[in-house]
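This is what each chain is made of:
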Amino acid sequence: MSKLPLALRALHRAELSLGRDLLMVADRHEADHEIRYVARDLARWPRIHVQRLAEVGAAHGAHLNADPHWSLPMLSKTSQKVSVALGRRPEPALLLLADLRRLHRKAAGASLDWEIVAQAAHAMQATDLLELSQQCHPQTLRIMRWANAQLKVHSPQAIAS
């Protein structure tokens, strides 16, 4: 029996978690406009990935939720108010570094899950999954590179000040 549904569920969970964290970071760091808008913009990719995984996964025995809840409204509003109240104090800078590190790790984990699914799809000659991996995996890698680039931009000031 194939373990492909397990790999697809792990990837679905990783993309969902990555998307939720991008939205949380966008809300939490509302005062930093680059983080806010780019993170919110990047969050649409995991949302698309989750939907496409649910569509393709059903044919491979993985029944996945195509439209899960993406944010917690109460937490989101609270994070926005805290972000505005704190503005550009040094503590939010350290929080931003922690959030960017978490985003990078989650994107790296999702990337590894894409690689596992792509290799399994290749071995099983599942062209639909292989095409999905080839379309979505580069976007996950771009999220990881963005988080890394933001760490390079924000860490000197956050640590040295």
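Every value quoted in this text rests on a predicted model; they were computed, and no experiment measured them.

Help me get a handle on the confidence of the model for the protein, residues and values and all.
Residues with a pLDDT of 70 or more make up 88% of the protein, whose mean pLDDT is 91. No element of the protein has a lower mean pLDDT than helix H4 (residues 73-86), which averages 62, and none a higher one than helix H3 (residues 44-57), which averages 97.

Give me the lowdown on the pattern of salt bridges, citing residues and values where you can.
All chains considered together, the criterion is met by seven salt bridges. Close ionic contact of arginine 40 with aspartate 27 constitutes a salt bridge, the shortest N to O distance being 2.6 Å. Of the two residues, arginine 40 is situated in helix H2 (residues 33-42) and aspartate 27 in helix H1 (residues 4-28); the sequence distance between them amounts to 13 residues. By relative accessible area, which is 31% here, arginine 40 ends up partly exposed. A salt bridge links aspartate 99 to arginine 102; its shortest N-O distance comes to 2.7 Å. Of this pair, aspartate 99 and arginine 102 both sit in helix H5 (residues 90-124), separated by three residues, roughly a single helical turn. A relative accessible area of 1% means that aspartate 99 is categorised as buried.

Provide a residue-level description of H2, including the pertinent values.
Within H2, the full set of buried residues consists of Ile35, Arg36, Ala39 and Leu42. The buried side chains of H2 occupy one side of the element, clustering within an arc of 150 degrees when seen end-on. The N-capping residue of H2, defined by a side-chain oxygen 3.3 Å from the backbone nitrogen of glutamate 34, is aspartate 32.

Criteria and cut-off values
Residues numbered from 1 in each chain as written. Predicted model: local features only at pLDDT ≥ 70, side-chain atom pairs only at ≥ 80, totals over all residues. Heavy atoms only, no water. pLDDT = per-residue confidence, 0-100. Helix = DSSP H or I, 4+ residues; strand = E, 2+ residues; numbered from the N terminus. Salt bridge = Lys/Arg side-chain N within 4 Å of Asp/Glu carboxyl O. Buried < 20%, exposed > 50% of the residue type's maximum accessible area, 1.4 Å probe, protein only. Arc of directions from axis to C-beta. Polar contact = N/O pair within 3.5 Å; in protein donor to acceptor, adjacent residues only side chain to side chain.

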